[in-house]
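# Observations on the model geometry
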Amino acid sequence: MAGIYIHIPFCKQACHYCDFHFSTQMGKKETMINALSKEIPLRKSEFKDEIVETIYFGGGTPSVLEVSEIEKLVTAVYDNYRVIDKPEITLEANPDDLSEDKIASLSESPINRLSIGVQSFFEEDLKLMNRAHNANEAEQCIQQAKKHFQNISIDLIYGMPNMTNERWKQNIDKAISFQISHISSYALTVEPKTALANFVKKGLVKPVEDEVAQEHFHILNNTLTEAGYSCYEISNFGKPGYFSKNNSAYWQQKKYIGIGPSAHSFDGIRRGWNINNNPKYIKAITNGELPMEEEVLSKTDKYNEYIMTGLRTIWGVSLLKVVEEFGNKYKEYLLQQAEKHLERHLLYLDDDTLLTTKKGKFLADGIASDLFMLNLK
Ligand code: SF4
């Protein structure tokens, strides 16, 4: 099974914290759609026996596309790849794009899952982030979306400056009250070269300390778990039957093709990434060339990726798989490095699977880096 990711590199305005690849110059949207629909067939030889299980429109802001443009891209996938019956087809969408009419026509298109970038239900947070929508639009679009879609995810951000534990809890409670089937939630990070980094440098915004973000994560995890969601990955919570198939595929090292500028791909051996420049991307594709760089993953790279993703998920790290894919030396090293985290109850062993405890979950990335193999190949 495999996935196709399509990157839509346009946004109406730049959110202060964002370092994804996008342009606010919408003038080239049509040319970009044509280039994306050309890249889809250009890449088809990369999937020989694979069957596409998920199609994911990410960005940027895919909801700036017309429904007809989305249909054109989905048709290009169906024309060039083998696709399972009833694939999961997700559209990332921002509340200010989701009018009642747009939601209704999306529900008649191949899109069967909406991932809505709510981020917060509070005006103050949305202004600080420079989101294009307001709190009222966030609530209204969820109410409308629920009339047409069963499979809805929303994004929420925690660890924001001035966000109290109470306000964060209210955000989560609001999401639960809408009976959303999936919630993705991330800690705000100050990325270099963003407006937020500039505000922090000038002393206009005080970044949140790690302890506060950690507290927010525990509130999130406890509240959502009590409400019947599973934290199947550190940033992803789903009701039974609603784990994102697309996200799960990434964490289970399945193959995917990334279409569009800055999109990443993985074929089980190589990791590739397209150029993150819209004009250069369009020019290359128009000439029939793939503007992609790639690297072959070493055994150590693959082991490190498996440790990183495994510890972030409920599937954990299988010692059996480590032996089978990497050898006994890796397993011995892993258990030796894991010892201090097992003693501190940040990790535990369930038969032959290494997992993070509730206490260790938020620290998964740091723990994983302790278990990485550095010198052995
Ligand atoms: S809408 Fe999403 S991709 Fe666009 S600037 Fe905001 S966070 Fe970044």
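Description of the structure in this document. Going along each chain's sequence as written, the residues are numbered from 1 onward. With pLDDT at 70 or above as the cut-off, local features in this predicted model cover only qualifying residues; side-chain atom pairs require 80 or more to be listed or tallied, and sums for whole chains, interfaces and linings still use all residues. Side-chain measures were taken over the full set of non-hydrogen atoms in the model, leaving aside hydrogen atoms and water.

### Structural notes on the pattern of salt bridges
This is how the line gets drawn: The salt bridge definition used is simple: a Lys or Arg side-chain nitrogen within 4 Å of an Asp or Glu carboxyl oxygen. Each residue's exposure class comes from its accessible area (1.4 Å probe, protein chains only) as a fraction of the maximum for that residue type: buried when under 20%, exposed when over 50%, partly exposed otherwise. Put simply, DSSP marks the helices as runs of H or I at least four residues long and the strands as runs of E at least two long, and each gets a number from the N terminus on.
Taken as a whole and assessed by the stated rule, the structure comprises 18 salt bridges. The salt bridge partner of Arg43 is Glu39, with a shortest N-O separation of 2.7 Å. Glu39 carries the same exposure label as Arg43, and that label is buried. Notably, a salt bridge pairs Lys174 with Glu139, separated by 3.1 Å at the nearest N-O pair. Placement of Lys174 in helix α6 (residues 165–177) and of Glu139 in helix α5 (residues 135–148) is noted, with a sequence separation of 35 residues between them. Accessibility expressed as a relative area gives 28% for Lys174, which makes it partly exposed. Look at Glu139 and you get partly exposed, because its relative accessible area is 23%.

### Considerations on the site of the ligand
Worth spelling out the cut-off: Working definition: residue near molecule or strand if any one of its non-hydrogen atoms lies within 4 Å of it. Gly is put with the polar residues, along with every residue not named as nonpolar or charged; the nonpolar set is Ala, Val, Leu, Ile, Met, Phe, Trp, Tyr, Cys and Pro, and the charged set is Asp, Glu, Lys and Arg.
Taken together, Cys11, Gln13, Cys15, Tyr17, Cys18, Phe20, Phe22, Gly60, Thr61, Asn94 and Arg131 make up the full set of residues adjacent to the ligand. Looking at side-chain class alone, the shell around the ligand contains 6 nonpolar, 4 polar and 1 charged residues.

### Quick word on the packing of aromatic side chains
Quick note on the threshold: Aromatic pairing here means that ring centres of Phe, Tyr or Trp (its six-membered ring) are within 6.5 Å. Orientation follows from the plane angle: under 30 degrees is stacked, over 60 is edge-to-face, and everything else is tilted.
Scanning the model with the defined rule gives 13 aromatic pairs in all. A ring pair is formed by Phe121 and Phe178, whose centres lie 5.9 Å apart and whose planes are at 35°; its orientation type is tilted. Of this pair, Phe121 sits in the loop between β4 (113–119) and α4 (123–129) while Phe178 sits in the loop between α6 and β6 (182–187), and the two are 57 residues apart along the sequence. Comparing Phe121 with Phe178 shows no difference in burial state: the two are buried.

### A closer look at the side chain of Thr54
Rules: In this analysis, two residues are considered to be in contact whenever any of their non-hydrogen atoms come within 4.5 Å of each other.
Position of Thr54 relative to the elements: it lies in strand β2 (residues 52–59). The class for Thr54 is buried, based on a relative accessible area of 2%. Those residues in contact with Thr54 that lie beyond four places of it in its chain are Ala2, Gly3, Ile4, Glu88, Lys245 and Asn246.

### Observations concerning α6
Quick note on the threshold: Given a helix with a known number of residues, its expected span is that number minus one, times 1.5 Å. Picture the helix axis, draw a direction to every C-beta atom, and the arc is the one those directions span.
If you check α6, its first and last C-alpha atoms are 18 Å apart, about what 13 residues at 1.5 Å a residue would give, namely 18 Å. Buried within α6 we find Arg167, Trp168, Asn171, Ile172 and Ala175. Along the long axis of α6, the arc covered by the buried residues comes to 140°, so they all point the same way. Within α6, the exposed residues directed more than 90 degrees away from the buried face are Glu166 and Ser177. In the segment just after α6, Gln179 is the residue with positive phi, at about 55°.

### Observations regarding the side chain of Ser318
Put simply, the test is: Any pair of N or O atoms that falls within 3.5 Å is considered a polar contact. Within protein, one atom must be able to donate a hydrogen and the other to accept it, and sequence-neighbouring residues count only if both atoms are side-chain atoms.
With respect to the helices and strands, Ser318 occurs in strand β13 (residues 317–318). At 3.0 Å, the side chain of Ser318 forms a polar contact with the backbone nitrogen of Lys321. In this view, Ser318 contacts Tyr306, Asp352 and Thr353; residues no more than four positions away in its chain are not counted.

Read these as spatial facts, not as claims about activity.
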